Amino acid sequence: MVIEIFIGVLSGTLTAALLYVTHALWVKVVFPWYQAIRYQGADISGRWGAKQTFEDKSENNFSLVLKQNAHVITGSLQLTYQSPEKNFNFDYTVNGEYWEGYLNLSCRSKDRRVYSQASMLVKITSGGTGMFGQFSFRNAMNDYVDTVSIELYRDIVKG
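Everything quoted here is computed from the prediction, not taken from an experiment.

Calculation rules
Residues numbered from 1 in each chain as written. Predicted model: local features only at pLDDT ≥ 70, side-chain atom pairs only at ≥ 80, totals over all residues. Heavy atoms only, no water. Helix = DSSP H or I, 4+ residues; strand = E, 2+ residues; numbered from the N terminus. Rg over C-alpha atoms; globule rule 2.2 N^0.38 Å. Buried < 20%, exposed > 50% of the residue type's maximum accessible area, 1.4 Å probe, protein only. Contact = heavy atoms within 4.5 Å. Areas by Shrake-Rupley, 256 points an atom, 1.4 Å probe, with all protein chains shown as cover. Pairing = 2+ DSSP bridges.

Brief notes about the overall build of the protein chain
Then, number 1: Looking only at helices and strands, one finds 1 helix and 8 strands in the protein chain.
Then, number 2: Helices and strands in the protein chain line up, N terminus first, as α-β-β-β-β-β-β-β-β.
Then, number 3: Radius of gyration (C-alpha) of the protein chain: 22 Å, far over the 15 Å computed for a compact globule of 159 residues.
Then, number 4: Along the longest, intermediate and shortest principal axes, the C-alpha atoms of the protein chain span 80 × 40 × 20 Å.
Then, number 5: Residues counted as buried form 26% of the 159 residues belonging to the protein chain.
Then, number 6: The contacts of the protein chain with a sequence gap of at least 6 include a subset with a gap of at least 24, amounting to 35%.
Then, number 7: Taken as a whole, the protein chain presents about 10800 Å² of accessible surface, with 59% of it coming from carbon and sulfur.

What follows is the structure, given as structure tokens:
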């Protein structure tokens, strides 16, 4: 009787583990592979950059690295802000979606000691070599949401 209970518990545990591994394999390997071979849209993966200079002599430098699996986008964003008064650098993890020519990204700071969050909504332009849109972020100086227009270019930093 004890052996039957043990075998029943063991087989139930092994079945649950097998189902978990099968699900993980499907979600992380098989389905992304299938999406990648069926995806017919533009490939926006790679390095993107922008440099903005403002009237007050401050400057933003954006360096965006994207990885794409069909419509799902992941990557990183580095934002460097320089002004006569302040200089700072933010590293973000980005997640988002590319759909019908528009890229929607959610950005969260990698350093959990410094909280920063931002969103980007951009349209792919210039035959796939540029993107233009808005970068909205939490401005830590006044604790409001600020938005700046952004124009990024593939593999280059344009001033």
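Moving on, there is more to tell.
As for the pairing of strand β2 (residues 59-69)
Regular strands place side chains that alternate from one sheet face to the opposite one.
Then, number 1: Sheet topology places strand β1 (residues 46-53) next to β2; 8 bridges connect them, and they run antiparallel. Its bridge partner lying in β2, Trp48 is registered against Leu64.
Then, number 2: What sits between the antiparallel neighbours β1 and β2 is a turn of 5 residues, in which Lys57 has the positive phi angle 70°.
Then, number 3: Across 11 bridges, the pairing between β2 and strand β3 (residues 72-82) is antiparallel. When the sheet's bridge partners are listed, Ser63 is paired in β3 with Gln78.

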